[in-house]
Amino acid sequence: MRSVPDPGFDQRIADWLEEDPDSAPAAVLETVAAAIPSISQRRHWRQTWRSHRMLRLAVVASTMVFIASFAAFLFTGGSFGPTVVPTSPPPTVAPSPSPVAIATFTSPRHGYTISYPNDWTVRPATAPWPIGVQAAGFSDPMVDLFKDPAAPSYDEFDIVSQPLGEIINPTAWLEAYEVSNPGMPPDCWPAPDAMEKITIDSQPAYVHGGSECGFTEAVVFDGGRVYEFSAYSQPGGPPMMSRTVFDQLMASVKLDPASADDSPPAVAVGSPAATAAPSLVASLAPLSIEEFRAQRDTICDAARAVAEPLRTRFLSYGESHTDAQLSDWADAFDQFANEYDAMIPQLSALKAPAFMGSSPALNVLDYQIEAALIRRAALEIRDNHVAAAQIDDTATNAPAQRISSFEGQYVLHDCP
Amino acid sequence: VRQQLVERAMRGDEEAFSSLAADAVDRCYSLAYRILRDGQRAEDATQQALIGAWRDLPTLKDPERFDAWLYKLTVNACYLEARSHRRWTARIRVIGSTRTDPEPDVARSVANRDALEGAFRTLSPERRAIVVLHHHLGFALTEIAETLGIPVGTARSRLHYAVRQLRAVLDEDATSLVAPEEQSA
């Protein structure tokens, strides 16, 4: 049914639209094809529910060996290997032939300590998990990332935490979190009351997922903070670890919410941001909205005055350029990112009105994301990987859009 | 075969996804161009939609709905692209046109087309999308509602107001649509 009964006008619109191009330039598909290998598919609770029985059976033996070994080290405080565990009944699985020691990781960002096999690698988080932002996956700096070098590259164990916002009731928090992702299979993320309950460091924890979901995740609340412990594996593939090993990892966790650090990422020593003296310092009390506007506008106006002229040195991705042009282009990007680095601490120092909630912090985080992408684009341009730089450039659209929304919502001047 | 490709891609098969992307890229670009009215931005939106499709494929509940789902991703990418200030690269982009200049003897047609172009650009991204889905792709309101994830009533009223806005803008500019020979007569 047409809402406007005017076939003549409808046809005129259709004819006009028909004149537009129907074929994408080849570069579009080439860019996508180049990007795909470096982009992980989203996993988490959105995994499709799959059962690959044969694959799982194929890894049972090695998993069982690992279970026995890991259980041994956790219960004995010693190392993996031919240690005899003095339990009854005796273990029925052969111990691992090669000893594997344990290591302990204390997260400076998320506030906990955990024991893990010391042949795993750990990449500590470098950014906080802000309230209202979904927990991230592989490439996100918000997670403490544990990898088993012997496991498939897809597998990883992530730990992330954040302060509780307005929702301090665990069940309400879980329900709100679930609602934020309606695509999750109910079997993998049931209602909070139906989730399995365990304890982590004496705190009640909620477990969901399972081998068929491609993840196992425990959520625990302590000291006004929520923690997520998530073991991921390739959809349809063998699990990264058995439930027994997952439980042993959880048994080693010590929560210390008071030591968590939710501040924005530190600026590297020697960087422009570290050496720049903020022109405006934080006041002790939150600013009024008028004061916040005035101070932020001053910061942004000054930054824009420096950054805007750099744009004239930005070149087009679709053309050929000499090495000298590429070098100057990359320099301009770097200088632009440096200006962000100088601006970010000043924005962070502003004590925003309380009613703005976490929005100002998220705004700063978006600038940090943009700065990182711009700086990476500069590196790629210097390496003559212009297509890769364009992908990073395009990736700035999302944070840029959020920044624009923030500025529009609170009637703020545009920052560069 | 297509559903198998989707299912393989959902399990992380890059080759399968490349086949799907190659098949879909023109459709996505065609839709994005018509909404955004700019080749470079349409390229960006298409890339974002396809990359987003790869990233989020494991969340797709029904592989048979892949095409509709990809349309939705493309429209959403257009919304994002249209609203982004393109803060730090906007000024380097040269907005090109894929069309050739019109012949002198089709001045009226060109004037009409340009007027429609100008009127269309006054529409919000949401209204542009619904006009394109309905008048170019031929989607029924129920299909539009399903694709965009909005109630049918919303789709109907959005299309109604979009077309009404187009007509209003064109009516305002009616004098400029008069061909030169008519103006001098």
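Here, the structure is the one placed above.
The model shown is predicted, which means the values in this text are computed figures rather than measured ones.

## Description of the overall build of chain A
When helices and strands are tallied, chain A shows eleven helices and ten strands. Within chain A, the fraction of its 416 residues that count as buried is 48%. For chain A, the share of sequence-separated contacts (at least 6 apart) that also reach a separation of at least 24 residues comes to 62%. Carbon together with sulfur atoms contributes 59% to the accessible area of chain A, which is approximately 18700 Å² in total.

## Considering the sheet that holds strand E9 (residues 225-232) of chain A
The strands making up a sheet are joined through hydrogen bonds of the backbone, oriented either antiparallel or parallel. Residue and element names in this part refer to chain A. Strand order in the open sheet made by the seven strands is E3-E4-E5-E9-E8-E7-E6, with antiparallel pairing throughout. The sheet is open, and its two borders are formed by strand E3 (121-123) and strand E6 (196-200), each paired with just one other strand. In this sheet, adjacent strand axes meet at a mean angle of 20° when their direction is disregarded. Relative to strand E4 (residues 144-147), E3 runs antiparallel, the two being bridged by three bridges. Looking at the pairing, Arg123 lines up with Leu145 of E4.

## A few points about the nonpolar core
If you look at the biggest cluster of nonpolar residues, it comprises 67 residues, and the most contacted ones within it are Phe17(B), Leu57(B), Phe66(B), Leu70(B), Val131(B) and Ile144(B). Apart from residues no more than four positions distant in its own chain, Leu57(B) is found in contact with Gln41(A), Val6(B), Ala9(B), Met10(B), Phe17(B), Phe66(B) and Trp69(B). In this structure, Ala330(A), Met356(A), Ala371(A) and Ala377(A) belong to the second largest nonpolar core, which totals 39 residues.

## Observations regarding helix H2 (residues 26-35) of chain A
For H2(A), the complete set of buried residues consists of Val28(A), Thr31(A), Val32(A) and Ala35(A). For H2(A), the angular spread of the buried residues around the axis is 95°, confining them to a single face. In H2(A), the exposed residues that point more than 90 degrees away from the buried face are Ala26(A), Glu30(A) and Ala34(A). Where H2(A) is buried, its residues meet helix H10 (386-395) of chain A together with helix H2 (14-36) and helix H3 (39-56) of chain B.

## Description of the packing of aromatic side chains
Across all of its chains, the model carries 20 aromatic pairs over all chains by this definition. On the numbers, 6.3 Å between centres and 90° between planes, the contact of Phe157(A) with Phe246(A) is edge-to-face. Of this pair, Phe157(A) sits in strand E5 (residues 156-163) while Phe246(A) is found in helix H5 (residues 243-251), placing the two residues 89 residues apart along the sequence. When sorted by exposure, Phe157(A) lands in the same class as Phe246(A), which is buried. Aromatic pair Tyr71(B) and Phe139(B): ring centres 5.7 Å apart, planes at 80°, arrangement edge-to-face. In this pair, Tyr71(B) sits in helix H4 (residues 66-83) while Phe139(B) sits in the loop between helix H6 (125-135) and helix H7 (141-148), placing the two residues 68 residues apart along the sequence.

## Concerning the packing of H2(B) against H6(B)
Residues and elements named next belong to chain B. Where H2 contacts H6, the two axes come as close as 9 Å, and the packing angle between them is 130°. With respect to H6, the element H2 is oriented oblique. Like other packed secondary-structure pairs, H2 and H6 cross with a definite hand, here right-handed. In this structure, H2 contributes Leu31, Arg34, Ile35 and Leu36 to the contact, and H6 contributes Pro125, Arg128, Ala129, Val132 and Leu133.

## Looking at the pairing of E6(A)
All names here are of chain A. Note: E6 against strand E7 (residues 203-210), five bridges, orientation antiparallel. Opposite Lys197, over in E7, you have Tyr206 as the bridge partner. Hairpin connection, E6 to E7: the antiparallel pair is bridged by two residues, and Asp201 has positive phi, about 50°.

## Some thoughts on the environment of Ile198(A)
All names here are of chain A. Along the chain, Ile198 turns up in strand E6. C-alpha of Ile198 to C-alpha of Ala218: the two residues are 20 residues apart in sequence and 8.6 Å apart in space. Setting aside chain neighbours within four positions, we find Ile198 in contact with Gln203, Pro204, Ala205, Val207 and Arg243.

## Comments concerning the state of the cysteines
The tally for this structure, following the rule as stated, stands at one disulfide over all chains. Each sulfur in the disulfide pair Cys300(A) and Cys415(A) lies 1.6 Å from the other. With Cys300(A) in helix H7 (residues 289-307) and Cys415(A) in the segment after helix H11 (397-409), this pair connects stretches of sequence that are 115 residues apart. In this structure Cys300(A) comes out as buried when scored by relative accessible area, which is 0%. Cys28(B) takes part in no disulfide bond, and the closest cysteine sulfur to it belongs to Cys78(B), at a distance of 9.2 Å. The class of Cys28(B) is buried, set by a relative accessible area of 3%.

Rules used in this analysis
Along each chain, numbering runs from 1 in the same order as the chain's sequence is written. Going through the entries in the order they are written, you letter the chains from A and number the ligands from 1. Restriction of local features to residues with pLDDT of at least 70 applies here, the model being predicted, together with a cutoff of 80 or more for giving and counting side-chain atom pairs; totals for whole chains, interfaces and linings are based on all residues. The basis for the side-chain values is all heavy atoms of the structure; hydrogens and waters are excluded. By the criteria applied, helices consist of DSSP H or I runs no shorter than four residues and strands consist of E runs no shorter than two, each listed in order from the N terminus. Summary of the burial criterion: residues with accessible area below 20% of their type's maximum are buried, those above 50% are exposed, and those between are partly exposed, where the area comes from a 1.4 Å probe applied to protein chains only. Contact definition: two residues touch when any of their heavy atoms are within 4.5 Å. We get accessible surface area from the Shrake-Rupley algorithm with a probe of 1.4 Å; when it comes to residues, only the shown protein chains can shield them. Two strands are counted as paired when DSSP detects at least two bridges linking them. Note on definitions: angles span 0 to 180 degrees between N-to-C directions of axes, and those axes are lines fitted to C-alpha atoms, for helices only across the stretch in contact. We define a nonpolar core as any set of buried Ala, Val, Leu, Ile, Met, Phe, Trp, Tyr and Cys residues linked to one another through side-chain atoms lying within 4.5 Å. Along the arc lie the directions from the helix axis toward the C-beta atoms. Each Phe, Tyr or Trp ring (for Trp, its six-membered ring) is paired with any other whose centre lies within 6.5 Å, and the angle between the two planes then decides the class: stacked below 30 degrees, edge-to-face above 60, tilted in between. Orientation is classified from the angle alone, with under 35 degrees giving roughly parallel, over 145 giving roughly antiparallel, 65 to 115 giving roughly perpendicular, and any other angle giving oblique. Two helices cross in a left-handed way if the nearer one is turned anticlockwise from the farther one by less than a right angle. They cross in a right-handed way if the turn is clockwise. When two cysteine sulfur atoms lie within 2.5 Å, the pair is treated as a disulfide.

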